[in-house]
Amino acid sequence: MANATADAAGAEKEPPVDDTPDEAVFALIAEDYGLTRREAEVLPYLARGRSAKVIAEALFVSESTIRTHTRRIFEKTCIHSKQELIDLVDKY
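A few points on the structure. (Residues numbered from 1 in each chain as written. Predicted model: local features only at pLDDT ≥ 70, side-chain atom pairs only at ≥ 80, totals over all residues. Heavy atoms only, no water.)

### As for the environment of Val89
(1) Moving on: Relative to the helices and strands, Val89 resides in helix H6 (residues 82-91).
(2) Moving on: A relative accessible area of 4% places Val89 in the buried class.
(3) Moving on: Expressed as a C-alpha distance, the spacing of Val89 and Leu43, which sit 46 residues apart in the sequence, is 9.7 Å. (Helix = DSSP H or I, 4+ residues; strand = E, 2+ residues; numbered from the N terminus. Buried < 20%, exposed > 50% of the residue type's maximum accessible area, 1.4 Å probe, protein only.)

### With respect to the packing of helix H4 (residues 52-59) against helix H5 (residues 63-77)
(1) Moving on: Close contact between H4 and H5 brings their axes to 8 Å; oriented N to C, the two are set at 110°. As far as their axial angle goes, H5 and H4 are roughly perpendicular. On H5, the residues touching Ala52, Lys53, Ile55, Ala56 and Leu59 of H4 are Glu63, Ile66 and Arg67.
(2) Moving on: Partitioning the contact of H4 with H5 into residue classes produces five nonpolar, no polar and three charged. (Axes fitted to C-alpha atoms, helices over the stretch in contact; angles between N-to-C directions. Parallel < 35°, antiparallel > 145°, perpendicular 65-115°, else oblique. Contact = heavy atoms within 4.5 Å. Nonpolar A, V, L, I, M, F, W, Y, C, P; charged D, E, K, R; others polar.)

### Notes on the nonpolar core
(1) Moving on: By size, the foremost hydrophobic cluster in this structure holds 19 residues, and its most contacted members are Val42, Leu43, Ile73 and Leu85.
(2) Moving on: Among the elements of the structure, helix H2 (23-33), helix H3 (37-47), H4, H5 and H6 are those that each provide at least two residues to this core.
(3) Moving on: Leu43 has contacts with Phe26, Ile29, Leu35, Ile73 and Leu85, leaving out every residue within four places of it along the chain. (Core = buried A, V, L, I, M, F, W, Y, C linked by side-chain atoms within 4.5 Å.)

### Quick notes on the side chain of Thr77
(1) Moving on: One can find Thr77 in helix H5.
(2) Moving on: Owing to a relative accessible area of 7%, Thr77 belongs among the buried residues under this scheme.
(3) Moving on: For Thr77, the side chain forms a polar contact with the main-chain oxygen of Ile73, separated by 2.7 Å.
(4) Moving on: Discounting chain neighbours no more than four positions away, the residues touching Thr77 are Tyr33 and Leu88. (Polar contact = N/O pair within 3.5 Å; in protein donor to acceptor, adjacent residues only side chain to side chain.)

### Re the pattern of salt bridges
(1) Moving on: Counted by the stated rule, this structure contains six salt bridges.
(2) Moving on: A salt bridge links Glu23 to Arg48; the nearest nitrogen and oxygen atoms lie 3.7 Å apart. With Glu23 in helix H2 and Arg48 in the loop between H3 and H4, this pair connects stretches of sequence that are 25 residues apart.
(3) Moving on: Of the charged contacts in the structure, one is a salt bridge between Arg67 and Glu63, with a shortest N-O distance of 3.8 Å. A residue pair is termed a helical-turn pair when its members lie 3 or 4 positions apart in one helix, as Arg67 and Glu63 do in helix H5 at four residues.
(4) Moving on: Three or more residues joined by partner-sharing salt bridges are found here, namely Arg37, Arg38 and Glu41. (Salt bridge = Lys/Arg side-chain N within 4 Å of Asp/Glu carboxyl O.)

Below, the structure is given as C-alpha cells:
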C-alpha cells in the first residue's frame, strides 16, 4: 500500500546520504598534523562527539589517558573544542 502511495505521488525515495567521514579522512588529518598512532585512533571518536568515558571503554584505557590524547590533538591542530574538530574534519 505504501508503494502505491509513493507511485501515485510520482516521487521515489533517494537513499540517505552518509555524511560520516571515512577512515581515509582521519588518516590524512593525522598525517598532516603529526598525530601519534594512538591520537589517530582517538580522532574519529572525538569527531563523532563521543565522550572520554565512551572512548576509554572502547580503547581499553583510562579516561585520563583519553583526556591527554584529546588535549594533544587539540594542541597539534590548533583547535579548542570538539565543534572546531568536527569543522576541521568537514573541510577534508
